[in-house]
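Commentary on secondary and tertiary structure
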Amino acid sequence: MQTTTSQLPKWADMTLAMLKIGLFTFGGGWSIVAQMQKEYVDTRGWLTKEELLDIVAIGRSFPGIMVVNTAVMLGYSIGGVKYALLCAFGMSFPAFVVMSVVTTFYTAFRENPWVARAMVGVRAAVVPIIVSSCLGMRKSAIKDRVGLAIAAAAFLLLTARVSNIYIIFAGGVAGLLVQTLRAGRVQPVPPSGESGGEKGGGAG
């Protein structure tokens, strides 16, 4: 991962990157997550893929708009409340401006054949961006056969139209149980000095 540095203060660099994500990313929440990975994990190195996955999971679990929740959690993890507010602004402001314009001229946009044709291409172009992000984070999210089994079960639940909240909660419970069982199997080994001392004392 090659990171770059900016001459701007960190808060300004972060806000401008979030404004760019909010303004130029189409296709919903997961395409925006892909751009967050590019900006904050790959380019700046402020987060790891594991940290971004945790942030996305939390943002997905809470009520409200997923991308705004994720942006707030991302900002908070980088620099606390100030950065969380800046990320919320950066993510929301472009959409607010664009939607204000669109609603003003809604009829013209809706009936414009050029806009409809362009959106067909935009929707198609978003798919490989989402897939690329998922493939890039799979090694961080699925590290063994247990993780693969949980992911497969989550996919089946998703196809059965189970709520995302329940799926994430079930995944957390499964992970907690598995890791707890694994930790219980690992028995601490007493230091050799203590073991030798006990044997020596018994011999004396």
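For the structure given in this document, a descriptive report is provided here. Since the structure is predicted, the reported quantities are computational estimates derived from the model, not experimental observations.

Digging into the nonpolar core
Counting residues in each nonpolar core, the largest one holds 22 residues, and the members touching the most others are Met 18, Ile 21, Met 36, Tyr 40, Leu 47, Leu 74 and Met 91. Put simply, the parts of the chain that give this core at least two residues each are helix 1 (10-24), helix 2 (29-43), helix 3 (49-61), helix 4 (66-79) and helix 5 (81-104). Every residue in contact with Tyr 40, bar those within four places of it in the chain, is listed here: Met 14, Ala 17, Met 18, Ile 21, Gly 45, Trp 46, Leu 47, Leu 74 and Ile 78.

Points about the packing of aromatic side chains
Scanning the entire structure with this criterion turns up two aromatic pairs. Judged by centre distance (5.2 Å) and plane angle (25°), the ring pair of Phe 89 and Phe 93 falls under stacked. Of the two residues, Phe 89 and Phe 93 both sit in helix 5, four residues apart, roughly one turn of that helix. For Phe 89, a relative accessible area of 41% corresponds to the partly exposed category.

Considerations on a nonpolar patch on the surface
Judged by side-chain polarity, Phe 89, Phe 93, Phe 96, Val 97, Val 101, Phe 105 and Phe 109 come together as a nonpolar surface patch covering roughly 660 Å² of accessible area. Broken down by element, the nonpolar patch gets its largest block of residues, five residues, from helix 5.

Concerning unusual backbone geometry
Even without a glycine there, the phi angle at Arg 161 is positive, about 65°. Tracing the backbone through its elements, the reader meets Arg 161 in the loop between helix 8 (145-159) and helix 9 (164-185).

Some points on the pattern of salt bridges
Taken as a whole and judged by the stated rule, the model has three salt bridges. Lys 20 is the salt-bridge partner of Glu 39, the closest N and O atoms lying 2.8 Å from each other. Within this pair, whereas Glu 39 is found in helix 2, its partner Lys 20 is found in helix 1, the two being separated by 19 residues in sequence. With a relative accessible area of 41%, Lys 20 lands in the partly exposed category. Connected through shared salt-bridge partners, Asp 13, Lys 20, Glu 39 and Arg 44 make up one network.

Notes on the layout of surface pockets
In this structure, the largest pocket occupies an estimated 1400 Å³ of space. Taken together, 35 residues make up the lining of the largest pocket; nearest its centre are Leu 53, Ala 141, Ile 142, Ala 151 and Ala 154. Those elements that provide at least two residues to the lining of the largest pocket are helix 2, helix 3, helix 7 (113-141), helix 8 and helix 9. For the lining of the largest pocket, the leading source of residues is helix 9, giving nine residues. A class-by-class count of the residues in the lining of the largest pocket yields 21 nonpolar, seven polar and seven charged.

Concerning helix 1
When the terminal C-alpha atoms of helix 1 are compared, their 21 Å separation across 15 residues agrees well with the 21 Å that a helix rising 1.5 Å per residue should span. All of the buried residues in helix 1 are Ala 12, Asp 13, Met 14, Thr 15, Ala 17, Met 18, Ile 21 and Gly 22.

Topic: the packing of helix 3 against helix 4
Between helix 3 and helix 4, whose axes approach to 8 Å, the crossing angle comes to 135°. Comparing the axis directions of helix 3 and helix 4 gives the class oblique. Remark: the crossing between helix 3 and helix 4 carries right-handed chirality. Two secondary-structure elements touch here, helix 3 through Leu 52, Ile 55, Val 56, Ile 58, Gly 59 and Arg 60 and helix 4 through Met 66, Asn 69, Thr 70, Met 73, Leu 74 and Ser 77.

Points about the environment of Arg 138
Counting through the fold element by element, Arg 138 comes out in helix 7. As a C-alpha pair, Arg 138 and Glu 50 span 88 residues in sequence and 9.9 Å in three-dimensional space.

Quick word on the packing of helix 8 against helix 9
At a minimum axis distance of 10 Å, the contact between helix 8 and helix 9 shows a crossing angle of 160°. Taken as axis vectors, helix 8 and helix 9 run roughly antiparallel relative to one another. Crossing hand, helix 8 versus helix 9: right-handed. Residues Val 146, Ile 150, Ala 154, Leu 157 and Leu 158 of helix 8 touch helix 9, and the partners they reach there are Asn 164, Ile 167, Gly 171, Ala 174, Gly 175, Val 178 and Arg 182. Of the residues in the contact of helix 8 with helix 9, the class split is eight nonpolar, three polar and one charged.

Thresholds, definitions, all that
- Residues numbered from 1 in each chain as written.
- Predicted model: local features only at pLDDT ≥ 70, side-chain atom pairs only at ≥ 80, totals over all residues.
- Heavy atoms only, no water.
- Core = buried A, V, L, I, M, F, W, Y, C linked by side-chain atoms within 4.5 Å.
- Buried < 20%, exposed > 50% of the residue type's maximum accessible area, 1.4 Å probe, protein only.
- Helix = DSSP H or I, 4+ residues; strand = E, 2+ residues; numbered from the N terminus.
- Contact = heavy atoms within 4.5 Å.
- Phe/Tyr/Trp six-rings, centres within 6.5 Å; stacked < 30°, edge-to-face > 60°.
- Patch = residues over 30% accessible without salt bridge, like charges linked within 9 Å, V, L, I, M, F, W, Y side chains within 5 Å.
- Areas by Shrake-Rupley, 256 points an atom, 1.4 Å probe, with all protein chains shown as cover.
- Salt bridge = Lys/Arg side-chain N within 4 Å of Asp/Glu carboxyl O.
- 1 Å grid on protein atoms, 1.4 Å probe; cavity = no way out; pocket = protein on both sides within 12 Å on 5 of 7 lines; lining within 4 Å.
- Points joined across faces, edges and corners; volume = space filled by probe spheres on them.
- Nonpolar A, V, L, I, M, F, W, Y, C, P; charged D, E, K, R; others polar.
- Expected span 1.5 Å × (residues − 1).
- Axes fitted to C-alpha atoms, helices over the stretch in contact; angles between N-to-C directions.
- Parallel < 35°, antiparallel > 145°, perpendicular 65-115°, else oblique.
- Left-handed = near helix turned anticlockwise from the far one by under 90°.

By themselves, these figures tell us nothing about what the structure is for.
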